[in-house]
Amino acid sequence: MTRPSPLIDPIQARDRRTGLYLVLPAVIVLLLVFAYPIAQAFWLGLFANNLGTGLQPVFIGLGNYLRILGDGFFWQTFVTTFRFTIISVLLELVIGMGIALVLNRAFQGRGAVRTIAILPWALPTALIAMVWAWIFNDQFGIANDILLRLGLVSRETLINWLGQPWTANLAIIVADVWKTTPFISILLLAGLQSIPADLYEAHALDGGTPWQGFWRITVPLLLPQILIATLFRFAQAFGVYDLIQVMTGGGPGGATAVVSLYIYANAMRYLDFGYAAALIVVTFVLLILAVVLCNAWINRSRSKASGAS
Amino acid sequence: MSLGSNARQPRSPHPAPTRSLTLTNILFGLAVVAIVIFCLAPVLWQVLTSFKLTEDIIAIPNIYFPTRFTFDHYIQLFQRQPFWRYVLNSTFVAVTSTITCLAIGAPAAYALARLHPRGSHWILAGILLVTLFPYILLIQGLLQIVQVLHLANNYLALIITYTAINLPLTILVMRSFFAQLPKDLEDAARVDGYTTVQMLIRIVLPLTLPALVTTGILTFIASWNEYIFALTFITEDTMKTIPVAAAQISGSSTYEAPYGPIAAATVVGTIPLILLVLIFQRQIIQGLTAGAVKG
Amino acid sequence: MSTLQLRHLNKTFTPKVVPVKDVSLTVEDGEVLTLLGPSGCGKSTVLRMIAGLETPTRGQILIGDRDVTFTRPGDRNVAMVFQSYALYPHLTVYENLCAGLRLKKVPQSEIEQRVAEVSRILGLDQGLMTRKPGQLSGGQRQRVAVGRALVRRSDVFLLDEPLSNLDALLRERVRADLKQIFAAQNTPVVYVTHDQTEAMTLSTQVAVLNNGYVQQLDTPERIYNQPANQFVAGFVGSPQMNLLTLPCQGNQALLGNFKLTLPDLPTLPAQVVMGIRPEHVQLATANDPNLIRGEVFLVENLGMNHLISVKVPNANGEPVILRSLLPPHSPSSSELSLTLPSNAIHWFDPQSGDALVKRP
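The model shown is predicted, which means the values in this text are computed figures rather than measured ones.

1. Re the overall build of chain C
And then number 1: In terms of helices and strands, chain C carries eight helices and 20 strands.
And then number 2: Taken over 360 residues, chain C has a buried fraction of 50%.
And then number 3: Taking as baseline every contact in chain C between residues at least 6 positions apart, the subset at least 24 positions apart corresponds to 64%.
And then number 4: When the accessible surface of chain C is split by element, carbon and sulfur atoms take 50% of a total near 16,100 Å².
And then number 5: Averaging the positions of the 34 positive and the 32 negative side-chain charges in chain C gives two centres separated by 6 Å.

Here's what the structure looks like:
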């Protein structure tokens, strides 16, 4: 009694089919919300579609992209975004590491402090932007008040934080660091807790100082978490919108305008849909490029770290 | 830094509190105080502002310890605009998005963890990739969909979008929880005669309730806080969500900005989240960590 | 009522991972077949294929005259006890017991009657019924797991190392209980274990598995007394059987400086593997055949017995080591005379490992 044996057995095939039905809704929603807009931008970017064309698409090939090359303001927003991203993420890593190290130590009330430490992450960015705008208010803001009390400024030389280019950039970075450092410290704390304590004991027995221990044990073993957090935050900071929109609106004079704000203005205010699409494509491609490079670097560091240990 | 002797036993259940006043301990105490101030001060300042009289708010130098308190800003906030409506709107959108996201995400996560449907590798890679997408890249395309489907000023537009932007984290976190579940339980259920879907509903999901709570909280927070889509898809004033409505209070001119009501609005908008953090601190940390480690 | 038949089962995960190569077995109603073998021998995979949790790459599974090779586990009417018990942690004991019956839409009155009957057999008192598995002791959980399988009144009863999570004392008691339960069952029972005591005490048939093949399928007595090959001989029995590769001279095998007479064989081999269980190596009296003298170099006290290792001098090479299980009060001298009774000696082919003499 022989029978042809099926290549994939029916039970497994049924499981896979059920699995497909179960993931399908999620895949459809993800395609609709993530894939379609990107695909649409690639298509729409080949057309001029703005008030000048009567909001009708006119095929212009790479015209929009040529326009981007000569669009100084776009590249300015790009530099602003990049500067904001790099400085914020670096500060967040350093401060986040500090907080994680403190929270990793046992002390009374650690639970409460940990709860407080994740609070900023959970609060709405748009509202937090208002809080910080108030803190950096030129007349009544607490930032100026502290400087005044310390005697660093006088009534007449109060800093117009959000009204000058470099102080406005500083203000948005401070607000972003406050808002997202908790996220990084949570990730790093989880990593710290997975480092076996005996490594430090062995290191101490070998006569190492805590400072050396930090660089020789903590940092190498925490590298995966550090890199993941960096990648994640890099992408998020690169797309920052609500914080800056609410705090400065991109001002003064476009000094804090980031890529997101520029794209939004093109799409929603100037109704320059084709150009906005091209901007989206360029940003998307540059971001993917950055992520791929970042990822390659992560993998290299990882294999180096694991090779060393 | 602060790698004192206690740092070496981070998990000991009853840590011996260090009572001696060494230099390290003082520095450590200062560090803890600094963290608390760093995280709380801006929020507390806003809370304080919301209860100060307007003349105290704009007093120079600032008044840190006001002697007079008022509820006027809150009363104004709720009188001048339908702020209760905004609270309600935000709650409705966040709750429905959370439920939808779990309803779609949990089965998908289970399938990816256990059933190996065709193309799961690609699906997972795609999910990891989209966690890195800035929302601004989506706004124009989504607006087109919203217009074509006549979903402007319809919460469905927000619910679908919020479901989607929270799906990646939900799927990644739930998948790691499902993968940790002992496989024997599912085998026993199969032998008992459960179909895959019955098993998911009656055995697997009840067991992953903590994970559902964790991911649900994260989704709720993200949906409550979302700004750019809510700003774009909802233009009808009474339908706005809190972040958008609050951000628009500052309206008229920078110099006459109603600081009191703005402060009151931020306090009202953040209170639910502060409560969530206080109650679900553990789950939030767990979810963030699981999501990032798997991601 | 139903016979379980496995025909040439094969499970290939990848070309290099083939836990089950070719297994054919038949288990009749009321028979208890134990799949015995070291970890990784494929015994669990065979059981999981019977349950429907894995699908065979080749081969057929029949329950009665139904071909269930590709039937879903729930439709096979098999019941299984898992090593980890796999009780649903969020359901009460009662709900755990009747989950399968409810799915099969068995009427409530019958469910209650069956649960009551099984609880009586297993001694699960009423107070336990409303508890969750987390509130039970290990032994209670184990009984609930068995109960969940029993209430199903399935066509085949499967157990996957059901005793391995119990402590030693409890294990002996539950083993005895299981034996009674199996005796009352009128279905094929397949029991997977790596513990030979369980295999010996519980089963009517033992299939010793290794490397994806059935090495021997026999009654426990014959598995122990007439191992079909060197693997079975070495795997079954504790302390392990002495297995010595010996050179031959004519119809005699050389154990060190001593000679053992070979049984009648068609051809005289150059080498044989001689096997004898330590408990069969006895102190010699002067006129015993197969007499051996050696130097005692290790005495391990096992309580009931002493396991004594003896170095047998060998003029042609390394001394040969033989282990003997002797009562503790045996004379303790540094030299011992031992005898190897011919009927306790097993002879194996050194290449194939098969027994040279097939006994009826």
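Text resumes after the structure shown.
2. Topic: the interface of chain C and chain A
And then number 1: Tallying the contact residues gives 12 residues for chain C and eight residues for chain A.
And then number 2: Roughly 800 Å² is buried in total at the junction of chain C and chain A, and carbon and sulfur atoms are behind 56% of that figure.
And then number 3: For the pair chain C and chain A, the interface holds zero residue pairs in polar contact (both at pLDDT 80 or more).
And then number 4: Tallied by class, the residues present in the side of chain C that touches chain A amount to one nonpolar, seven polar and four charged.

3. Quick word on the sheet that holds strand 19 (residues 335-339) of chain C
Residues and elements named next belong to chain C.
And then number 1: An order of 15-19-16-17-18 is seen for the five strands of this open sheet, with the pairing classed as antiparallel. The two strands at the open ends of the sheet, each matched to only one other strand, are strand 15 (282-283) and strand 18 (320-326).
And then number 2: Pairing geometry for strand 15 and strand 19, over two bridges, is antiparallel. Of the residues in strand 19, the one forming a bridge with Gln282 is Thr339.

4. Focus: a nonpolar patch on the surface
And then number 1: A cluster of nonpolar side chains, contributed by Phe82, Ile86, Ile87, Leu90, Leu91, Val94 and Ile95 of chain A, occupies part of the molecular surface with about 560 Å² of accessible area.
And then number 2: Judged by relative accessible area, Phe82 of chain A falls into the partly exposed class, the value being 37%.

5. Considering the nonpolar core
And then number 1: Met247 of chain A together with Phe229 of chain B are the most contacted members of the largest nonpolar core, which totals 233 residues.
And then number 2: Looking at this core element by element, the count peaks at 16 residues for helix 4 (residues 83-115) of chain B.
And then number 3: What Met247 of chain A contacts, discounting residues up to four positions off in sequence, is Ala129, Trp132, Ala133, Phe136, Leu162, Ala171, Ile172 and Ala175 of chain A.
And then number 4: Residues Tyr85, Leu122, Met129 and Val174 of chain C belong to the second largest nonpolar core, which totals 36 residues.

6. Things to note about the interface of chain A and chain B
And then number 1: Each partner contributes to the interface: chain A provides 97 residues, whereas chain B provides 101 residues.
And then number 2: Interface area, chain A with chain B, both sides summed: about 9,500 Å², of which 76% is carbon and sulfur.
And then number 3: Looking only at chain A, the three residues that lose the most surface to chain B are Phe34, Arg105 and Trp134 of chain A, adding up to 9% of its buried area.
And then number 4: The interface formed by chain A and chain B contains one salt bridge.
And then number 5: Across the contact surface, chain A and chain B share 15 residue pairs in polar contact (both at pLDDT 80 or more).
And then number 6: Broken down by element, the side of chain A that touches chain B gets its largest block of residues, 20 residues, from helix 1 (residues 10-44) of chain A.
And then number 7: Partitioned by chemical class, the residues of the side of chain A that touches chain B number 70 nonpolar, 17 polar and 10 charged.

7. Topic: unusual backbone geometry
Residue and element names in this part refer to chain C.
And then number 1: Between Ser238 and the following residue, Pro239, the backbone shows a cis peptide bond with an omega angle of -5°.
And then number 2: Summarising the element assignment, Pro239 is placed in the loop between helix 8 (230-235) and strand 11 (242-249).
And then number 3: Located in the positive-phi region is Tyr85, a residue other than glycine, with phi close to 75°.
And then number 4: Given the relative accessible area of 6%, Tyr85 is considered buried.
And then number 5: Although it is not a glycine, Asn211 adopts a positive phi angle of roughly 60°.

8. Observations concerning the domain arrangement of chain C
Note: interface size is frequently given as the accessible area lost on complex formation between the parts.
Residue and element names in this part refer to chain C.
And then number 1: For chain C, the assigned domains read domain 1 (4-228) and domain 2 (242-348).
And then number 2: Buried area between domain 1 and domain 2, both sides added, is near 370 Å², and the carbon and sulfur share of it is 49%.
And then number 3: Summed over the three residues of domain 1 that lose the most area to domain 2, namely Tyr224, Asn225 and Pro227, the buried surface amounts to 91% of that side.
And then number 4: In this assembly, domain 1 and domain 2 are joined by zero salt bridges.
And then number 5: On the surface where domain 1 and domain 2 come into contact, there are two residue pairs in polar contact (both at pLDDT 80 or more).
And then number 6: Residues belonging to the side of domain 1 that touches domain 2 are distributed by class as follows: three nonpolar, one polar and no charged.

9. Things to note about the pairing of strand 3 (residues 32-36) of chain C
And then number 1: Strand 3 of chain C sits mainly inside the fold: five of its five residues count as buried.
And then number 2: Neither face of strand 3 of chain C is exposed, since Val32, Thr34 and Leu36 of chain C on one face and Leu33 and Leu35 of chain C on the opposite face are all buried.

10. Points about the pattern of salt bridges
And then number 1: All told, the structure shown has 19 salt bridges over all chains when counted by the stated rule.
And then number 2: Linking Glu161 of chain C and Lys43 of chain C is a salt bridge whose minimum nitrogen-to-oxygen distance equals 3.8 Å. Taken together, the residues span a long stretch of sequence, with Glu161 of chain C in the loop between strand 7 (156-160) and helix 5 (168-184) and Lys43 of chain C in helix 1 (residues 43-51) at a distance of 118 residues. Pair check on accessibility: Glu161 of chain C and Lys43 of chain C agree, each one buried.
And then number 3: Three or more residues joined by partner-sharing salt bridges are found here, namely Lys183 and Asp187 of chain B together with Arg48 and Glu54 of chain C.

11. Here we look at the pairing of strand 9 (residues 205-210) of chain C
Residues and elements named next belong to chain C.
And then number 1: Bridge count between strand 3 and strand 9: four bridges; the pairing is parallel. What sits directly across from Leu35, in strand 9, is Ala207.
And then number 2: Note: strand 9 against strand 10 (residues 213-218), five bridges, orientation antiparallel. If you follow Leu209 over to strand 10, its bridge partner there is Val214.
And then number 3: Between strand 9 and strand 10, which pair antiparallel and follow one another directly, the connecting turn spans two residues, one of which, Asn211, has a positive phi of 60°.

Criteria and cut-off values
Residues numbered from 1 in each chain as written. Chains lettered and ligands numbered in written order. Predicted model: local features only at pLDDT ≥ 70, side-chain atom pairs only at ≥ 80, totals over all residues. Heavy atoms only, no water. Helix = DSSP H or I, 4+ residues; strand = E, 2+ residues; numbered from the N terminus. Buried < 20%, exposed > 50% of the residue type's maximum accessible area, 1.4 Å probe, protein only. Contact = heavy atoms within 4.5 Å. Areas by Shrake-Rupley, 256 points an atom, 1.4 Å probe, with all protein chains shown as cover. Lys, Arg positive; Asp, Glu negative; His and termini not counted. Charge placed at Lys NZ, Arg CZ, Asp CG, Glu CD. Buried area = accessible area lost by both parts, 1.4 Å probe. Polar contact = N/O pair within 3.5 Å; in protein donor to acceptor, adjacent residues only side chain to side chain. Nonpolar A, V, L, I, M, F, W, Y, C, P; charged D, E, K, R; others polar. Pairing = 2+ DSSP bridges. Patch = residues over 30% accessible without salt bridge, like charges linked within 9 Å, V, L, I, M, F, W, Y side chains within 5 Å. Salt bridge = Lys/Arg side-chain N within 4 Å of Asp/Glu carboxyl O. Core = buried A, V, L, I, M, F, W, Y, C linked by side-chain atoms within 4.5 Å. Domains from an automatic or database assignment.

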